[in-house]
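Coordinates in review
Chain by chain, the residues run as shown.
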Amino acid sequence: MTLHVLRADPAGNITLFVLDPVPVGDRAGVASRLMEGSDVEQVGFVCPPVMGGAGRMEMAGGEFCGNATRAFGMLMARRLGGVSQVLVEVSGCHRPVTVDVDLAAGTARAQMPLPRGVGRTEVDGCPATMVDLVGIAHLVVEDVPPSLEFFQKAEPLFWDIPDLDAYGVIFLDSAKGAITPLVKVPAADSLVWEGSCGSGSLAAAIAQSQHIADGAFAQSYLQPSGVIQAAVTRRNGAAVSAWIGGPVTLDPPITVEL
C-alpha cells in the first residue's frame, strides 16, 4: 500500500495526516503501522467534507482531537491560499469547527466543544474533576505524580460515560501551570503519554475556572513537548465558549509504503 502522508507538530502532539482514502475498517491497523517505531502519537485521515466545511479529518479511533483540529485547520488554510479563518469538519464533532490561523506566526487556534458534564470525584483519596467533552473525557487531578498506576485506578470512572471515543488523565502541576496527559483511544488500541493535549488543556482550564461565575479564564499550560493556551468564557457559571491555541508546524507531504 502506497500512502501520501503529512507530519504535523501542534505543540509537540505529533500527528500524521493520511492524505489518501483509507476504508474506515482499515484505519486502526494502518495507524498502528504508521506509528510503530516513530515519534507519531496519533493519525488522522483526510476525507471529503459532508457538512459544508473546507475539509474533513477523521482520527483513527473516531475521536475528537483539538490539536489535530488546529493542525488540520492550518493545512486547509494553506490550501485555500493563506486564509486566516477556516471551517473544518472533524471526527467526534457534529458540526464544523472554526480555526483561526496566523501563518506568519505559525499558530492556530481552534474552537472547542463545550463540556456535557463536569463533576467532582475522587481517586485513591485524591480529589479530581471529571470533564466530559462529548466523545472524549478527561479526569483532571492536581499535584499527583504522573503514573500509569494512577491512570489504571481512575480508568473505571470513564466506563459509565456514554459514547466515549477516548479518555485521559490530566496530571496538573498547579504551581508550575504544567500538565502531563496520558490518553487512551480504545478503538485504535493506543495509550500514549502525549507531548501535548488540546482537549486535556481545555479540561484543565474548565476545572480551574469553576469558581468564575461570569468572565473569561485563560491559561498557558506547559506540557512535555510544548505550550498550549486554553481559554474559557463563563456566563452564570456555565461555560459558553472555549478555545485552544498555540504553535503548529507542517512538514511537506511524503510517500510511504506499507
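To be clear, the structure that these remarks concern was listed above.
Small disclaimer: the values here were computed from a predicted structure and weren't measured. (Residues numbered from 1 in each chain as written. Predicted model: local features only at pLDDT ≥ 70, side-chain atom pairs only at ≥ 80, totals over all residues. Heavy atoms only, no water.)

**Re the pattern of salt bridges**
Operational definition: For this analysis, a salt bridge means a side-chain nitrogen from Lys or Arg found within 4 Å of a carboxyl oxygen belonging to Asp or Glu. Strands here are runs of E lasting at least two residues and helices are runs of H or I lasting at least four, both read from the DSSP assignment and numbered beginning at the N terminus. Remark: exposure states derive from per-residue accessible area (1.4 Å probe, protein chains only) relative to the maximum for the residue type, with buried under 20%, exposed over 50%, and partly exposed in between.
Applying the stated rule across the entire model yields 10 salt bridges. Note that Glu89 and Arg56 form a salt bridge whose closest N and O atoms lie 3.2 Å from each other. Taken together, the positions of Glu89 in strand S5 (residues 85–90) and Arg56 in strand S4 (residues 56–59) put the pair 33 residues apart, joining distant regions of the chain. Neither residue differs from the other here; Glu89 and Arg56 are each classed as buried.

**As for the side chain of Asp100**
Heads up, the condition is: Polar contacts here mean pairs of N or O atoms no more than 3.5 Å apart (in protein, one a potential hydrogen donor and the other a potential acceptor; neighbouring residues in sequence count only if both atoms are side-chain atoms). Contacts were defined at the residue level, with two residues in contact if any of their heavy atoms lie within 4.5 Å.
Along the polypeptide, Asp100 turns up in strand S6 (residues 97–102). Among the polar contacts made by the side chain of Asp100, one reaches the side chain of Gln85 at a distance of 2.6 Å. Not counting residues within four places of it along the chain, the set of residues in contact with Asp100 comprises Ser84, Gln85, Thr107, Ala108, Arg109 and Trp243.

**What about the packing of aromatic side chains?**
Under the convention used in this document: Each Phe, Tyr or Trp ring (for Trp, its six-membered ring) is paired with any other whose centre lies within 6.5 Å, and the angle between the two planes then decides the class: stacked below 30 degrees, edge-to-face above 60, tilted in between. Charge-over-ring contacts are defined here by two conditions on Lys NZ or Arg CZ: a distance within 6 Å of the ring centre and an angle within 35 degrees of the ring normal.
Inspection of every chain in the model, using the stated rule, returns 5 aromatic pairs. When the ring of Phe17 is compared with that of Phe72, the centres are 5.9 Å apart and the planes differ by 65 degrees; the resulting orientation is edge-to-face. Here Phe17 is found in strand S2 (residues 15–18), whereas its partner Phe72 is found in helix H2 (residues 66–79), with 55 residues between them in sequence. Neither Phe17 nor Phe72 differs from the other in exposure class; each is buried. Ring centres 4.6 Å apart and planes at 20 degrees place the aromatic pair Phe158 and Tyr167 in the stacked group. Here the two residues Phe158 and Tyr167 agree in accessibility, since each one is buried. Among the aromatic residues, those joined into a cluster by ring pairs are Phe150, Phe171 and Trp193. The lysine or arginine in question, Arg109, covers the ring of Trp243, its NZ or CZ lying 3.9 Å from the ring centre.

**Focus on the nonpolar core**
Soluble globular proteins tend to bury their nonpolar side chains together. Applicable threshold: Joining through side-chain atoms within 4.5 Å is the link that ties buried Ala, Val, Leu, Ile, Met, Phe, Trp, Tyr and Cys residues into a set, and such a set is a nonpolar core.
Membership of the largest hydrophobic core comes to 52 residues, with the highest contact counts inside it found for Phe17, Phe72, Val88, Leu202, Tyr221 and Leu250. At 7 residues, H2 tops the list of elements feeding residues into this core. Excluding anything up to four places from it in sequence, Phe72 contacts Phe17, Val46, Gly55, Arg56, Met57, Val88 and Glu89. Of all hydrophobic cores here, the second largest spans 17 residues; its members include Val141, Tyr167, Val169 and Leu182.

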